[in-house]
Amino acid sequence: MPTRSLDYGQPSEDAALTAARKGSELWCKHTDSLQNCLDSLEVSCDSKGINVCDHAFDHWKQMTVELREKGRIIYMVGNGASASMASHFSADLAKNAHVHTQVFTDLALLTAVANDLSYDQIFVEPLRRRLTPNDMLVAISSSGNSPNVVNACRFASEVGASVVTVTAMGAENQMRQIGDLNFWIPAETYGMAETGHACILHYWMDSVSI
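Residues numbered from 1 in each chain as written. Predicted model: local features only at pLDDT ≥ 70, side-chain atom pairs only at ≥ 80, totals over all residues. Heavy atoms only, no water.

Novice: Got a minute to help me understand the overall build of the chain in this structure?
Specialist: Each helix and strand counted, the chain has seven helices and six strands in total. Expressed as a percentage of its 210 residues, the buried residues of the chain come to 40%. Put simply, 68% of the contacts in the chain that link residues at least 6 apart link residues at least 24 apart. Within the structure as shown, the chain displays about 11,500 Å² of accessible surface, and the carbon and sulfur contribution to it stands at 51%. (Helix = DSSP H or I, 4+ residues; strand = E, 2+ residues; numbered from the N terminus. Buried < 20%, exposed > 50% of the residue type's maximum accessible area, 1.4 Å probe, protein only. Contact = heavy atoms within 4.5 Å. Areas by Shrake-Rupley, 256 points an atom, 1.4 Å probe, with all protein chains shown as cover.)

Novice: What should I look at first to understand the packing of aromatic side chains in this one?
Specialist: Aromatic rings considered in pairs are described by the distance between their centres and by the relative angle of their planes. Considering all chains together, one arrives at seven aromatic pairs under this definition. Relative to W60, the ring of F57 lies with its centre 6.4 Å away and its plane at 25°, an arrangement referred to as stacked. On the criterion of helical spacing, the pair formed by F57 and W60 is a turn pair, its members being three residues apart in helix α2 (residues 53-69). Residue classification places W60 among the buried positions, given a relative accessible area of 0%. An aromatic cluster of three or more residues is present, and its members are F57, W60, F183, Y203 and W204. (Phe/Tyr/Trp six-rings, centres within 6.5 Å; stacked < 30°, edge-to-face > 60°.)

Novice: Looking at this model, I keep getting lost on the pattern of salt bridges. Mind explaining?
Specialist: Side-chain pairs of opposite charge can arise where the charged atoms are in close proximity. Throughout the structure, instances matching the rule amount to four salt bridges. Note that E42 and R176 form a salt bridge whose closest N and O atoms lie 2.6 Å from each other. Of this pair, E42 sits in strand β1 (residues 42-44) while R176 sits in the loop between β5 (162-167) and β6 (181-184), and the two are 134 residues apart along the sequence. Where E125 meets R129, a salt bridge forms, and the shortest distance between an N and an O atom there is 3.0 Å. One end of the pair is E125 and the other is R129, both in helix α5 (residues 124-130) and four residues apart, which spans about a single turn. By relative accessible area, E125 is classed as buried at 15%. (Salt bridge = Lys/Arg side-chain N within 4 Å of Asp/Glu carboxyl O.)

Novice: Which parts of the structure should I look at to understand the pairing of strand β4 (residues 136-140)?
Specialist: Across a regular strand the side chains alternate sides, sitting on one face of the sheet and then on the other. Of all five residues that make up β4, five are buried, and the element is covered over most of its length. Burial of β4 is two-sided: the residues M136, V138 and I140 facing one way and the residues L137 and A139 facing the other way are all buried. In the sheet, strand β2 (residues 73-77) pairs with β4 via four bridges, with the strands oriented parallel. By the bridge assignment, V77 is partnered in β4 with A139. Examined bridge by bridge, β4 and β5 share five bridges and lie parallel to one another. Counterpart to L137 in the pairing with β5 is V163. With helix α6 (residues 147-159) bridging β4 and the parallel β5, this β-α-β connection has right-handed handedness. (Pairing = 2+ DSSP bridges. Right-handed = clockwise from strand over helix to strand, strands pointing away.)

Novice: Teacher, can you tell me more about the layout of surface pockets here?
Specialist: Unfilled space is identified by rolling a water-sized probe across the atoms. If you add up the space inside the largest pocket, you get close to 230 Å³. Around the largest pocket sit M63, E66, L67, K70, R72, P133, N134, D135, M136, G160 and S162, which together line it. Tallying contributions element by element places α2 first for the lining of the largest pocket, with three residues. Residues of the lining of the largest pocket, tallied by class, amount to four nonpolar, three polar and four charged. (1 Å grid on protein atoms, 1.4 Å probe; cavity = no way out; pocket = protein on both sides within 12 Å on 5 of 7 lines; lining within 4 Å. Points joined across faces, edges and corners; volume = space filled by probe spheres on them. Nonpolar A, V, L, I, M, F, W, Y, C, P; charged D, E, K, R; others polar.)

Dropping the structure here:
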């Protein structure tokens, strides 16, 4: 009696082709969503009346170059993935753009302020001792409503420093109402917001690199 060879582990050629096609469609859908999100970038700059993306990036570049020439400081803040992004671009700006940057990543300082005062003051307290009217605060937040980042923006604005916000999700988020220059994308998920914010920040950083 002839033996039958059964291979249950290998999908049929048609099944593999269908799976590959489905995977390609999902990827295209994802990248199309990202492209649409970036194409929908909105900017506002109350003092200059800027609402065109290219003009906004040019203005941000000019602000940064002037700050570098005068030896001023760019502070960067965010929570979670946005905190990692703040650290990432703080390092990139220092290395590639020769800008003096600072980011709050000292766990002892952050936990001391959170424990002894309040978590929503973890950026305000160190800024209170360092920030001057000649510096810049770049605040990154997917929701634009994180209390500790919102408070940092308000404090920096009160001091007279330049405030640049990078947000997503709700169009009426709090941070977008505070900054001198505000970048917002209509991302509905954290992944899309973070990917879009990385594009914005890289574009800025590349424009001022030496």
